[in-house]
Amino acid sequence: MLSIKDLHARVEETTILKGLNLEIKPGEVHAIMGPNGAGKSTLGYVLSGRDGYEVESGSVEMDGKDLLDMEVEERAQAGLFLAFQYPVEIPGVSNMEFMKESVNALREARGEKALSSAEFLKKAKEACKQVELPLDFLKRGVNEGFSGGEKKRNEIMQLIMLEPKIAILDESDSGLDVDALQVVAKGVNSQRDGKRSFIVVTHYQRLLDYIQPDYVHILSKGKIVKSGGPELAKEVEASGYAWLAEAEAEGADA
Amino acid sequence: MSEQIDQALARKYDAGFVSEIESETFPIGLDEDVIARLSAIKGEPEWMLEWRLKAYRTWLKMEEPDWAHVDYPKVDYQSISYYSAPKSMKDKPKSLDEVDPELLRTYEKLGIPLHEQEMLAGVAVDAVFDSVSVVTTFREKLEEAGVIFCPISEALHKYPDLVKKYLGTVVPRGDNFFAALNSAVFTDGSFVYIPKGVRCPMELSTYFRINEQNTGQFERTLIVAEEGSHVSYLEGCTAPQRDENQLHAAVVELVALDDAEIKYSTVQNWYPGDENGKGGIYNFVTKRGLCEKNAKISWTQVETGSAVTWKYPSCILKGDNSVGEFYSVALTRGRQQADTGTKMIHLGKNTKSTIISKGISAGRSNNAYRGLVRMGPGAEGARNFTECDSLLIGDQCGAHTFPYIESSNPTAIVEHEATTSKVSDDQLFLCRQRGLDPEKAVSMIVNGFCKEVFRELPMEFAVEAGKLLEISLEGSVG
Amino acid sequence: MSQWLNHVLERASTVDDWLSPVRAQALDTLKQQQWPTRRTEAWRYTSLHPVADLQLQTGTSNNTAEAPFIEGLNSLDLVFVDGQLSTDISKLQLPEGVTISELSAPSEPAEALFAQVKPSHHLFGLVNDVLAQQGVVIDIAAGAKVKQPIRIVNFASAGIESHQRTLVRVGANAQATIIEHGSGSGNSLNTAFAEYDIAEKASLEHYRFALHEGESIHIGGSHFKLHDHAKMNSTLIGYGSQLTRLDVDIEHAGEHAFAKFNNVYLLAPREHFDLHSTIEHASPNGTTEENARGIIGDRAKAVFNGRIHIHRHAQKTLAELNNRNLLLTRGAQINTKPELEIYADDVQCAHGATVAEIDEEALYYMLTRGIDKQQALVMLNFGFVQEMVFQMPNKALADWLQPILKTRFESMMEQQ
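Looking at an unreviewed UniProt entry, chain C carries the name Fe-S cluster assembly protein SufD, with the source organism given as Idiomarina abyssalis. Quoted verbatim from the Sequence similarities (unreviewed entry) field of the UniProt record, the comment on chain C reads "Belongs to the iron-sulfur cluster assembly SufBD family."

Labelled according to an unreviewed UniProt entry, chain A appears under the name Fe-S cluster assembly ATPase SufC, originating from Idiomarina abyssalis.

Attention shifts here to the overall build of chain C. Counting its secondary structure elements, chain C contains eight helices and 19 strands. Relative to the 2.2 N^0.38 estimate, which gives 22 Å for 416 residues, the radius of gyration of chain C is 21 Å and therefore close to what a compact globule would have. With the principal axes as the frame, chain C shows a C-alpha extent of 65 × 50 × 45 Å. Looking at chain C as a whole, 61% of its 416 residues qualify as buried. The contacts of chain C with a sequence gap of at least 6 include a subset with a gap of at least 24, amounting to 85%. When the accessible surface of chain C is summed, it comes to about 15,800 Å², and 46% of that surface belongs to carbon and sulfur atoms. With 34 positive and 50 negative side-chain charges, chain C shows a separation of 4 Å between the mean positions of the two kinds.

Regarding its fold elements, chain A presents nine helices and twelve strands. For a compact globule of 254 residues, the expected C-alpha radius of gyration is about 18 Å, and chain A comes in at 18 Å, within 12% of that figure. Once the C-alpha set of chain A is aligned to its principal axes, its extents read approximately 65 × 40 × 35 Å. Taken across its 254 residues, chain A has 51% of its residues classed as buried. Here the analysis covers contacts within chain A between residues at least 6 apart in sequence; of these, 69% occur between residues at least 24 apart. Of the accessible surface of chain A, which amounts to about 11,300 Å², a share of 49% is contributed by carbon and sulfur atoms. For chain A, the centre of its 31 positive side-chain charges and the centre of its 43 negative side-chain charges are spaced 6 Å apart.

On the chain B side, the residues contacting the 34 residues of chain C number 34 residues. Linking chain C with chain B are two salt bridges, by the criterion used here. A salt bridge links Lys-422 of chain B to Asp-346 of chain C; the nearest nitrogen and oxygen atoms lie 3.9 Å apart. Mapped by element, the contributors of at least two residues to the side of chain C that touches chain B are β18 (333–342) and β19 (348–356) of chain C.

Residues and elements named next belong to chain B. Per the counting criterion, the structure on display carries zero disulfides over all chains. A disulfide-free cysteine, Cys-291 has its sulfur positioned 5.4 Å from the sulfur of Cys-315, the nearest such atom. Residue Cys-291 is classed as buried on the basis of its relative accessible area of 0%.

Sheet strands line up and pair through hydrogen bonds in the backbone, either parallel or antiparallel. Residue and element names in this part refer to chain A. Pairing in this open sheet of six strands is mixed, and the strands run β6-β9-β10-β3-β11-β12 from one edge to the other. Every interior strand has two partners, whereas the edge strands, β6 (80–83) and β12 (223–228), have only one. Each strand axis lies, on average, 20° off the axis of its neighbour in the sheet, ignoring direction. Helix-sheet contacts for helix α5 (residues 148–162) involve β6, β9 (166–170) and β10 (197–202), and the interaxial angle to β6 is about 165°. Set on the sheet, helix α8 (residues 230–239) makes contact with β3 (29–33), β11 (215–220) and β12; between it and β12 the angle comes to about 115°.

If you look at the interface, chain B gives 21 residues, while chain A gives 34 residues. For the pair chain B and chain A, the summed buried area comes to about 2,100 Å², and 61% of that belongs to carbon and sulfur atoms. Contact with chain A buries surface across chain B, with Phe-429, Gln-433 and Arg-434 of chain B losing the most and accounting together for 34% of the total. Arg-50 of chain A is the salt-bridge partner of Asp-426 of chain B, the closest N and O atoms lying 2.2 Å from each other. Mapped onto the side of chain B that touches chain A, the elements with two or more residues apiece are α9 (425–433) and α10 (438–454) of chain B.

This next bit is on the nonpolar core. Nonpolar side chains tend to gather and get buried jointly when the protein is soluble and globular. In this structure, Leu-2 and Leu-47 of chain A are the most contacted members of the largest nonpolar core, which totals 109 residues. Among the elements that take part in this core, α10 of chain B stands out by supplying nine residues, more than any other. Leave out the neighbours within four places in its chain, and Leu-47 of chain A touches Leu-2, Ile-4, Val-60, Leu-67, Arg-75, Leu-80, Ile-168 and Ile-199 of chain A.

Moving on, we come to the side chain of Glu-180 of chain C. Residues and elements named next belong to chain C. Within the secondary structure, Glu-180 is located in strand β7 (residues 175–184). A residue is classified by how much of its surface remains accessible, and Glu-180, at 7% relative accessible area, is buried. Polar contacts involving the side chain of Glu-180 include one to the side chain of Tyr-196, which spans 2.8 Å. Within polar-contact distance, the side chain of Glu-180 engages the side chain of Arg-208 at 3.0 Å. Not counting the four nearest positions on each side in its chain, Glu-180 is found in contact with Ile-152, Ala-194, Tyr-196, His-206, Tyr-207, Arg-208, Phe-209 and Ser-222.

Moving on: the pairing of β7 of chain C. All names here are of chain C. Of all ten residues in β7, nine are buried; the element is thus mostly enclosed. Two elements, strand β5 (residues 150–156) and β7, share seven bridges in a ladder whose sense is parallel. Across the sheet, Asn-154 pairs through a bridge with Gly-182, a residue of β7. With ten bridges joining them, β7 and strand β9 (residues 203–212) adopt parallel strand pairing. Of the residues in β9, the one forming a bridge with Gly-184 is His-212.

Unusually for a residue other than glycine, Asn-143 of chain A sits at a positive phi of about 60°. Positionally, Asn-143 of chain A belongs in the loop between β8 (141–142) and α5. The buried category is assigned to Asn-143 of chain A, whose relative accessible area is 0%. Not every positive phi belongs to a glycine, and His-229 of chain C is a case in point at roughly 60°. Take His-229 of chain C: it is sitting in the loop between β10 (217–226) and β11 (231–238).

Turning next to the confidence of the model for chain C. Mean pLDDT over chain C stands at 93; residues scoring 70 or higher make up 96%. Overall fold confidence for the complex sits at a pTM of 0.87, while the interface term, ipTM, reaches 0.90.

A few words on the pattern of salt bridges. Tallied over the full model, the rule gives 60 salt bridges over all chains. As a salt-bridge pair, Asp-175 of chain B and Arg-288 of chain B come within 2.7 Å of each other at their nearest N and O atoms. Placement of Asp-175 of chain B in the loop between α7 (160–166) and α8 (177–185) and of Arg-288 of chain B in strand β13 (residues 280–291) is noted, with a sequence separation of 113 residues between them. Note that Glu-195 of chain C is salt-bridged to Arg-165 of chain C, the shortest N-O span being 2.7 Å.

Here is what the cut-offs are and how they apply
Per chain, the residues get numbers from 1 upward, laid out in the order the sequence is written. Note on labels: chains are lettered from A, ligands numbered from 1, in written order. The model is predicted, so local features are restricted to residues of pLDDT at least 70 and side-chain atom pairs to those at 80 or more, both for listing and for counting; the totals for chains, interfaces and linings are taken over all residues. As a convention, hydrogens and water are excluded, and side-chain values are obtained from all of the structure's heavy atoms. UniProt positions are given in the numbering used here, feature names are shortened, and annotations may be inferred rather than shown by experiment. Helix and strand labels come from DSSP, where a helix needs a run of H or I of at least four residues and a strand needs a run of E of at least two; each type is numbered from the N terminus. Values of the radius of gyration come from C-alpha atoms, whereas the globule rule sets the reference at 2.2 Å times the count of residues to the power 0.38. For each residue, the accessible area found with a 1.4 Å probe, counting protein chains only, is set against the maximum for its type, and the residue is called buried under 20%, exposed over 50%, and partly exposed in between. Residue contacts are counted whenever heavy atoms from the two residues lie within 4.5 Å of one another. Calculation of accessible area relied on Shrake-Rupley with a 1.4 Å probe; when residues are assessed, cover is drawn exclusively from the protein chains displayed. Positive residues here are Lys and Arg, negative ones are Asp and Glu, while His and the chain termini are left out of the count. A charged residue contributes its charge at one atom only: NZ of Lys, CZ of Arg, CG of Asp or CD of Glu. In what follows, salt bridge is the name for a side-chain nitrogen of Lys or Arg lying within 4 Å of a carboxyl oxygen of Asp or Glu. Cysteine sulfur atoms are paired as a disulfide whenever they come within 2.5 Å of each other. At least two bridges found by DSSP between two strands are what make those strands a pair. Note on method: axes are straight lines fitted to C-alpha atoms, helices fitted across the in-contact stretch only, with angles between N-to-C directions ranging 0 to 180 degrees. By buried area we mean how much accessible surface two parts lose on assembly, using a 1.4 Å probe and totalling the loss over both. In these notes, a set of buried Ala, Val, Leu, Ile, Met, Phe, Trp, Tyr and Cys residues joined through side-chain atoms within 4.5 Å is what counts as a nonpolar core. We call two N or O atoms a polar contact when they sit within 3.5 Å, provided that within protein one can donate a hydrogen and the other can accept it, with sequence-adjacent residues counted only if both atoms are side-chain atoms. The pLDDT score gives, residue by residue, the confidence of the prediction method on a 0 to 100 scale.

In structure tokens:
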């Protein structure tokens, strides 16, 4: 599904990812954890092709195709979805028209017919319900005046609408209370169908209580330093990230 | 991403074709004889010729205004022809069947079929080609309601008293340089009269087309809404792609008597010139409305064309409780220059005005909002709210705001806000991550920016305006 | 044309000092200027009728005056009476890093500053260029942190025309506080122009009090040039008088400069006040915050023109201007024009202007709480001016000014 090999990437003059490797098979959920500044958000931006995030070396293949060679929108059309940590506001453009353009752009890329207004509306209403957003959110400007929690739920709503092959959730839990967190998790879990893959980027273990990962990876200084099952997240919960520094110090000694 | 936006600025002007139509055109130049000849061709009453000549003599003493934030070579008023009409119009066709098919094809190509059965139901059209009105549709249906909708040249014959009573009452002959010129040489335009208490049964629309070379278009529109009446009027304009600059100096006067309402919408798409600023229309227009008691005038404009725009649709809020509105989208690209805005003159008590102006600058263009809000000493309890937003696309353009606020009544409230922004990289990235190509993304963001104005347009026009914006932005992003 | 200006041109030819070459240039420019009419954009709302044919005594005056005492300010005072410096600079105890000289004595900073910061399009600035023979040149050495405020006091007495000039250079990394304190009453004309050059990482705290009243005419300007990472915080307080016109120009010549500019105008009946401010963002990453607030009394007229100009390369500029006005009576008048001229796309600029009436609901609320109506009005309206006073960094000045402005405001309310 997604194969990341020895990925090095930089922002301006600073190299942030320094040899990242990750294999994701269909239907798998991979959690990426790590301290602040480890490069967690950078990974999402590099994979989605954001300007200013420059790949120095390494490769990323999605379904056997070179992802890094595609434009931002081509990656989206190929089935890559990024749920933003801080979604931007687009004044005046309603959620509804935004999603309609987006859903149909993706359908067109897949060679499918555009949805009729009625079909689209039905789908949109359904998605809103799943993340417990009132329907009038569809009429409001994209993220315009939304609270932090509403923005996060809106991202998941879009995930549900766009049915990607792989979804990257960038700290979709940050700033949420327990109730909102459950709503977000429920929305995500509803999309786990055995084929769709997820990369769940988070600082805290908390989210992983609700979205059960298959694998947990610890990212530090631009590399995955440890991988394991869900139990690894519990370890982090118990001991924090301080051990990373120690492990590194040891590594340096050795 | 700004390079991508820059690329989007390659231009496309769909209305740039020339129609092969035989025309009768005056030689270039302007003097009293030309005005007399023009008036004679139109068979105008004596007083009209007098009125024109007075305007001409006033104009001769006036100087072309230079205060606007635009820069263009001086117009040589003696190198313009002041009258041009399709030859086929000489014996005025009585019905559509008698109209030169080439003319009809021209309008069809522009997306304005003039055969009534093919038209959007509910819109009556007056088509003005160079200096004359070609055809006015749905006249019988309008007459049933008592509504007069005809070329102003015809109104001068059929309803001289009405025209005489109102012409020049809102925009006086010597109001400004271009209005004075128009008063002297206007050739045609539309006349609308809505009787007392009548709600005009359909949208009225005039479609202006400049075709002939070296001609100026000087149309004059007069709309009178009697007490308690209601009308919505639309105006559209295009011109062929030519290397020379052409002059368009129109005057529009609106009279809204007690409790009347006039909604005036414009989609202006005159030829803007090429990317190096060659050619294009100079659009110097005076538009003003007078509101009596409880009356309302609403101006909505979408300005995407013209090389230079100089235009300030205004409201004189004379009657108590009257309302003025101005909603504007002005998009400039290439080397276009626009200096546009409004004047809201509050004279009556409890008068209200709203100004929403959205300026979009791209390429090497300059886009200025210039507005005046005046609260007179008698404007007890009056209110104004103004919002001017500018969007810059690229770093070679300019966006400017020049609002004049004058108040001499302590109970009047004026609020003015202006902001400037750009299409942010974050917005573009979000749209593209959701699968939209950059061009679509920019046009969507710009459309969102203009939403408050678009929703004021009648339905058919709103769609047209959105499309126009999309075409104008085409190539703004690569 | 104006009789008065003709006299200025005549008198200019008699001025002969070390600045003559610069003055000659200014005179050339001045000669090309038209006497402003209502059609001159910069004078659209201000009639120069009171000046046009003015004939006042121009020689030396014998008046003397003490600088107004401000408790706790402890300022170094340079007192001008009708344009003549009455302080003996040689007897002053100057703080470390401060050099003060007279304009009449040739000096390097004067040469670098005179007519170099102030844009040449201000008509009265040019008049001041050709006629102001007296003034002070203040040079703050690089790195000097001068705590003691330096105050330039300008008195204008009845019957006299005077011209005064101030030049200030704040060296790199230096800090200083300068106060321009002007006042006058009676039939007088005083022009006072000041030019400031604020070097890299330097910081200037600035005040201009234009407390001219009655028949006096005061026309002046403060002009600032900010270099890389320079900072200024300026507060301007104006009354009005028969005619007060001030031009303030702030140029962001260097990157990452910061300017805060607050101003207040409080116009008693029949006064006329006109402030034109221009912010030139000529370099990237600059920040400007400007706030103008005015209360206009009966038959008084205020003019505010606030221009922000973002040049082509001044990316990442943040500039905001806010203007609020309150008209006290039907005869009061405000003409405000906040302008934006923007040629760079990656900037955040906004301006707002309001003219509002007294908040009836808040007034009613106060009345129901037993507050006397006059008192309630004072509290409500004066509050928004007071806010600007309290933002002044110098507490001694704020404490001195607040009651003065309040008294003035109370008497404005009574005269309604």
